[in-house]
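Close look at the chain arrangement
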Amino acid sequence: MMTAALYITIAMVTLAAVLNVWRLIKGPDAPDRVLALDTLYVNAIALIILLGITLGTRLYLESALLIAVMGFVGTVAMGKYLKRGSVIE
């Protein structure tokens, strides 16, 4: 039962990631693309954690934490760039 639920969840999160990539490519303006990229980071973290649960290992948690930190920094940098025109002042 648990494995079936994990596979269904992986399929749903993968579908969400594909839809995020579509929004990233088609997005009408830059803030929509930044939001799609931020949501794509969250979906990547969810997929990595689900893969770790499926395989029964804790090693994937570290990579999920690294992606979370890089996603946060990237989102802040892109938001600052869109607001002010430069990242570093």
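For the structure itself, consult the block above.
Let me sum up the structure you'll find in this document.

Within the protein, the regular secondary structure consists of three helices and zero strands. Counted from the first residue to the last, the protein has its helices and strands arranged as α-α-α. Computed over its C-alpha atoms, the radius of gyration of the protein comes to 15 Å, more than 25% above the 12 Å expected for a compact globule of 89 residues. Overall, the C-alpha framework of the protein stretches about 50 × 25 × 10 Å when taken along its three principal axes. When each of the 89 residues of the protein is scored for burial, the buried share is 16%. Considering only contacts within the protein whose residues lie at least 6 apart along the sequence, 44% involve residues at least 24 apart. For the protein, the computed accessible surface area is about 6500 Å², with 74% contributed by carbon and sulfur atoms.

Time to look at the packing of helix 2 (residues 30–55) against helix 3 (residues 59–84). At a minimum axis distance of 9 Å, the contact between helix 2 and helix 3 shows a crossing angle of 175°. By the angle between their directions, the pair helix 2 and helix 3 is classed as roughly antiparallel. On the side of helix 2, the interface is formed by Ala30, Pro31, Val34, Asp38, Tyr41, Ile45, Ile48, Ile49, Leu51, Gly52 and Leu55, while helix 3 contributes Tyr60, Ser63, Ala64, Ile67, Ala68, Gly71, Thr75, Met78 and Leu82. Looking at the contact of helix 2 with helix 3 residue by residue, the classes come out as 15 nonpolar, four polar and one charged.

Definitions and cut-offs
Residues numbered from 1 in each chain as written. Predicted model: local features only at pLDDT ≥ 70, side-chain atom pairs only at ≥ 80, totals over all residues. Heavy atoms only, no water. Helix = DSSP H or I, 4+ residues; strand = E, 2+ residues; numbered from the N terminus. Rg over C-alpha atoms; globule rule 2.2 N^0.38 Å. Buried < 20%, exposed > 50% of the residue type's maximum accessible area, 1.4 Å probe, protein only. Contact = heavy atoms within 4.5 Å. Areas by Shrake-Rupley, 256 points an atom, 1.4 Å probe, with all protein chains shown as cover. Axes fitted to C-alpha atoms, helices over the stretch in contact; angles between N-to-C directions. Parallel < 35°, antiparallel > 145°, perpendicular 65-115°, else oblique. Nonpolar A, V, L, I, M, F, W, Y, C, P; charged D, E, K, R; others polar.

Scope: geometric values only; no functional claims are made or implied.
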